[in-house]
Each structure stands twice: as C-alpha cells, then as structure tokens.
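Below, each chain spelled out in residue letters.
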Amino acid sequence: MSHRQKVVIVGAGIVGAAIARVLARSGADVVVADRGPSAGGTSSGGEGNILVSDKGPGAELRLTQRTLSAWARVRAELRAELPDGFPDLEFEHKGGLVAATTTAGATALLAFAESQRAAGVIAEVVDDARAHELEPDLTRDLTAAVLYPQDAQVQPVIATEALLASARRHGARVLQGVEVLGPVLSGQTITGVRTAAGTLPADAVVIAAGPWSGEVAARFGVPLPVRPRRGTVLVTSRMRQRVFHKVYDADYVGAVGSGAADLMVSSVVESTAAGTVLIGSSRERRGFDDRIEARVLAALAAKALLLFPFLADVPVMRAYGGFRPFVPDHLPVIGADPRRPGLWHATGHEGAGIGLSLATADLLHDAMLGLGDPNDALRDEFRLDRPSLLPHLEGAAG
Ligand SMILES: Cc1cc2nc3c(=O)[nH]c(=O)nc-3n(C[C@H](O)[C@H](O)[C@H](O)COP(=O)(O)OP(=O)(O)OC[C@H]3O[C@@H](n4cnc5c(N)ncnc54)[C@H](O)[C@@H]3O)c2cc1C
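Residues numbered from 1 in each chain as written. Predicted model: local features only at pLDDT ≥ 70, side-chain atom pairs only at ≥ 80, totals over all residues.

A. Here's a closer look at helix 5 (residues 156-169). The first and last C-alpha atoms of helix 5 sit 20 Å apart over 14 residues, in line with the 20 Å expected at 1.5 Å per residue. On its buried face, helix 5 is in contact with helix 1 (14-25), strand 2 (29-34), helix 2 (59-81), strand 8 (173-176) and helix 9 (353-369). At the C-terminal side of helix 5, Gly171 shows a positive phi close to 100°. (Helix = DSSP H or I, 4+ residues; strand = E, 2+ residues; numbered from the N terminus. Expected span 1.5 Å × (residues − 1). Contact = placed C-beta atoms within 7 Å.)

B. Here's a closer look at the sheet that holds strand 18 (residues 333-336). Taken together, the 6 strands give an open sheet; going across it, the order is 8-2-1-12-19-18, and neighbouring strands pair in mixed fashion. For this open sheet the edge positions go to strand 8 and strand 18, each flanked by a neighbour on one side alone. Geometrically, the sheet is characterised by an average inter-axis angle of 20° between neighbouring strands, direction not taken into account. When strand 2 meets strand 8, the two strands line up parallel, connected through 4 bridges. Its bridge partner being in strand 8, Val31 is matched across the sheet by Arg173. Set on the sheet, helix 9 makes contact with strand 12 (204-207), strand 18 and strand 19 (343-347); between it and strand 18 the angle comes to about 15°. (Pairing = 2+ DSSP bridges. Axes fitted to C-alpha atoms, helices over the stretch in contact; angles between N-to-C directions.)

C. Broad picture of the pairing of strand 10 (residues 189-195). Direction of pairing for strand 9 (residues 180-186) relative to strand 10: antiparallel, over a ladder of 6 bridges. Considered in strand 10, the bridge of Val180 is made with Thr195. Between the antiparallel neighbours strand 9 and strand 10 lie 2 residues, among them Gly187 with a positive phi of about 65°. Of the strand pairs in this sheet, strand 10 and strand 11 (residues 198-201) are connected by 4 bridges, and their pairing is antiparallel. Following the sheet pairing, Arg194 is matched in strand 11 by Thr199. In this structure, the hairpin formed by strand 10 and strand 11 is closed by a connection of 2 residues.

D. Representation of the domain arrangement of the protein chain. Taken as a whole, the protein chain is organised into domain 1 (6-65 + 156-225 + 329-392) and domain 2 (96-149 + 227-326). For domain 1 and domain 2, the distance between their C-alpha centres works out to 29 Å. At the interface, 25 residues of domain 1 touch 31 residues of domain 2. Broken down by secondary-structure element, the contributors of at least two residues to the side of domain 1 that touches domain 2 are helix 2 and helix 6 (213-219). In terms of residue class, the side of domain 1 that touches domain 2 is built from 6 nonpolar, 16 polar and 3 charged. (Domains from an automatic or database assignment. Nonpolar A, V, L, I, M, F, W, Y, C, P; charged D, E, K, R; others polar.)

E. Spotlight on the packing of helix 2 against helix 9. At a minimum axis distance of 8 Å, the contact between helix 2 and helix 9 shows a crossing angle of 90°. Here helix 2 is positioned roughly perpendicular relative to helix 9, judged by the angle of their axes. Between helix 2 and helix 9, the contacting residues are Leu63, Thr64, Arg66, Thr67, Ala70, Trp71 and Val74 on the first element and Gly355, Leu356, Leu358, Ala359 and Asp362 on the second. Within the contact of helix 2 with helix 9, the residues separate by chemical class into 7 nonpolar, 3 polar and 2 charged. (Parallel < 35°, antiparallel > 145°, perpendicular 65-115°, else oblique.)

And the structure:
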C-alpha cells in the first residue's frame, strides 16, 4: 500500500482512532466509519489501565513495553497539536500493587514477578510494612506483595477523542452513525466498502470493531475468532481517598490469562480522581448479554473485601460494564488478512486495548506501508495465521 491510498477503518474506538491518526499523518486518505458515536463501544465501557503487572514474558508484554514509550511520545504530540482547552488525557503512572493472601498465592506471585523482572519489568517485592505504607487500609492477612511502578492509566474516552481530533487535523474523516455492511469487490480484491449511507472507495480496509470484529469480518466473507467477554465494574460513592494505587489480588493474572467461559472474578481496586472507588473485574463469555447481574456484583464485592475490609461499609453508587474483544489464544490480531487482499485487522485486545492501542497502530502502520524493521518479531506474533490461531479460523464468524 502506498502513502496516498484510501483507507476505510471500521470502528471509531480507541484502536481505530489510533490507527486513523498514524495513517493520516503519513498522508493516507482515511475514513473512519462507526455505526454509533465515536468512543461509544468498549472503549467507553472499561478502565484505562496500561498494565505490565498482569503480563508474563512474551509477545503481549513486549507490545505493552512498546506502548508505554508510545504513550509518552504521543501525549507530548497531542498537547502540541490540540487546541488549548482540549480535556487532559489524565495519563498517570499510578503504579500497581499486587497482593497475595494465601501461601499458594504468594508462591505463584513471587515466581511470576521473578519471570517478569527477567523480561525487563520493574517488579519490587515489598514487605508487609512497606505494603501498608503504600496502602494503609490493605488487609493485614498479606502473604506477599509486589509493586509495579510502571503501571499507568489514561482516560479512555478522552484519549479516543484526542486521537480522532488529531487524525481529523491530518485530513481524516470520521463518520458516526454509519454502519459498514460489507465489501465492494473486484474479483477477490477489495475496492470499496458498502455502508448504510452509500459506498466508500477503499484500497484497504481495517477492521477495528472491537468485540464486533468477528461479525464485521463475516460480512467481508472471512471467519475471525473474536468474541465478546463481558466485564462488570462496581463503583462506590465518593469518599476521602483510601486507595492510592491500582491494587489487585494475585488471582487477577490467572483470570486474565484464562479462556474459561464461566464467570471469573478477581479483585482490582482503585480510586478515581472524582473520589469514587472502582471495583473490578469480572470475566465471562455470555455473548452480547449486557445485563448487570447481582450474582456478578456479589462476587466482585466479596473479593474486594478480602483486599480492603473497610469497603464493607461503603455505599455503592452504580455498576457498568462492557465486552472485551476476546481471542482464544489471548493475543490481538494485527496485520493483513491473507484470505482477502486489501483487508487488515487490528482487534482482539481483550482487556488491554486501551493501553495497547498506540503500539498496535504503529505496528499496523508499518506493516501497511512496508516500513519499519521487516524482521520485527512482533509482526509475526500477532499475525492472523499464527499457529495458535489456525485451529480457530474455520467457521469462527460471530
Ligand atoms: C469492564 C472492562 C474493563 C476494561 N479495562 C481495561 C483497562 O483497564 N485497560 C485496557 O487497556 N483495556 C481495558 N478494557 C478493554 C478495552 O476496553 C478494549 O480492549 C478496547 O476498548 C477495545 O477497543 P476497540 O477500539 O478495539 O473496540 P471498541 O471501542 O469496541 O470500538 C469498536 C467500534 O466498532 C463499531 N462497530 C461495530 N460494528 C460496526 C459496523 N458494522 N460498522 C461500523 N462500526 C461498527 C462499534 O460501534 C464500536 O464503536 C476493559 C474492558 C472492559 C469491558
């Protein structure tokens, strides 16, 4: 693909927004089409954590390490590009504290942290006294704790809108309320996109439709094993700050890495700038069932009380949730679809798409324009036809 070509991006979530920005800056003629409002999908239904703490050595950790430096660069660029008064991205290196409360949990956590350190993660084992200095209200039943100062966060909706605003400044168009229905083909090659509002010419199409990417890919005639994995977060009323980091129980890492369809709950507790405390997180595969269910809230609350007993008496204000874009091997799909010339994917980030959006966009940009290091190992790790995904490519639509 050359720099001047026409690209249609399906989805104006944070992943589509980040890609639109880098491609438009490189001179491509970019249209982003979303059937709803921008940042109205999963990117508005989750937190904005950018975590190294929950990632073991491997491709996703390396993408996260790349994304942390990308956020530092892009924040500075956005500050220079966007008008005064554009809301702040609320980027902060808040740091994560992972706590174990059982002997088995402690053994697993310390071994995990050691493997992470070998892969370049800052993972400091802290003793009880230090853990309680960091989090005075943390349970006294600690068996181990590890501090991850690199863990960061961003406000996902503001970040998405900022990336889209920057893309627009470089010529991109963002169409809201425009559903993509399928391709216009010449033979097997894509020459355009059919939408509910007419046809858009395209030399390349990027599917960045989050948990709906499987459905969108099916409209382009190719199965893609991206499915929704529901997550729910409980929000307390405002209070004086009593939680200072992102605090997880040691089970969180196991829940993230598990592909189980049944409900999995582990504690992720943190304060917001507004004074509320967010209590996550559940993981469950139940299709696009968006009900907020009492059994899930009860499980979330019970786990959180193990970390912070004071939460027992705190009033709850609301709950919200969304669908993580789940792929069976837990890695995103970033790159060309060899089955359909002109079709590209940037999806399947599950619970890490906010954080990984920038590195994803850089990787896809370089692959689409034939730039960057052709030997960049990460390109192969996330390709659609990687060995771990091949068994899932047949009949995976929906
Ligand atoms: C409870 C919860 C907590 C989370 N916490 C975090 C976190 O702390 N950190 C983190 O990094 N990630 C987190 N995530 C995951 C993160 O939210 C997602 O990985 C990310 O938002 C995916 O972004 P996206 O742009 O791929 O998808 P989306 O934001 O879902 O955007 C896809 C867009 O595609 C559009 N679309 C779908 N079909 C069509 C069509 N046919 N035509 C046109 N448009 C279409 C949709 O309307 C939508 O706007 C969390 C998720 C949940 C549910």
